[in-house]
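Observations on the model geometry
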Amino acid sequence: MSGETVITVIGNLVDDPELRYTPAGVAVAAFRIASTPRTFDRQANEWKDGESLFLTCSAWRTLGENVAASLARGSRVIVQGRLKQRSYEDREGIKRTVFELDVEDVGPSLLRATATLTKTTVNNGTNGQQQHQQPTGAPWTTAQQQRPAQRQQPAQQHQGGYSDEPPF
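A brief structural summary. (Residues numbered from 1 in each chain as written. Predicted model: local features only at pLDDT ≥ 70, side-chain atom pairs only at ≥ 80, totals over all residues. Heavy atoms only, no water.)

Let's talk about the layout of surface pockets
By volume, the largest pocket is sized at about 760 Å³. Contributing to the lining of the largest pocket are 21 residues, with Asn66, Ser70, Val106, Leu117 and Thr118 lying nearest its centre. Of all elements in the fold, only helix H1 (61-70), strand S8 (95-108) and strand S9 (120-122) reach the threshold of two or more residues within the lining of the largest pocket. Considering each element in turn, the lining of the largest pocket owes the most residues, 6 residues, to H1. Of the residues that constitute the lining of the largest pocket, the class distribution is 10 nonpolar, 9 polar and 2 charged. (1 Å grid on protein atoms, 1.4 Å probe; cavity = no way out; pocket = protein on both sides within 12 Å on 5 of 7 lines; lining within 4 Å. Points joined across faces, edges and corners; volume = space filled by probe spheres on them. Helix = DSSP H or I, 4+ residues; strand = E, 2+ residues; numbered from the N terminus. Nonpolar A, V, L, I, M, F, W, Y, C, P; charged D, E, K, R; others polar.)

In structure tokens form, the structure reads like this:
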């Protein structure tokens, strides 16, 4: 949609993601991240933390299930999504405004950590349940695991942009 505010936030999970299901059976993971800016004070010769930004995030469907299965409190993450503003009245009748992030994508930050990825596939015969594949030892899938249309096409040289081919 046009006019939406899409942002990317890097921060740490404040608590474990909480996975719930709507009455219609749609998965949603709720989690909070804290993003704290750091600046170097040359006069004091030290790093100083700024004021933390706390955002409540919602990840829906398969993304939400993957977030709940993969991330935990303290995990440093990179989150991209649509910023939403919501106003409400609390129990004392005071009007409050909160900002929330409707997550489109999330991943672990590899700045100070490593990660092993496991691709998931959804099989229509499993009623939406995920079937997890074992890691192959390579950061990309083998030709047998790729979609049939990809297997039949020879590798092509791409000039910029995204490619499913391994970099070497």
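Still more ground to cover, so stick around.
A closer look at the pattern of salt bridges
Side chains carrying opposite charge are able to pair once their charged atoms draw close together. Scanning the entire structure with this criterion turns up 10 salt bridges. We note a salt bridge from arginine 20 to glutamate 18, for which the minimum N-O separation is 2.6 Å. Through salt bridges with shared partners, a single network forms among Glu4, Arg82, Lys84, Asp102 and Glu104. (Salt bridge = Lys/Arg side-chain N within 4 Å of Asp/Glu carboxyl O.)

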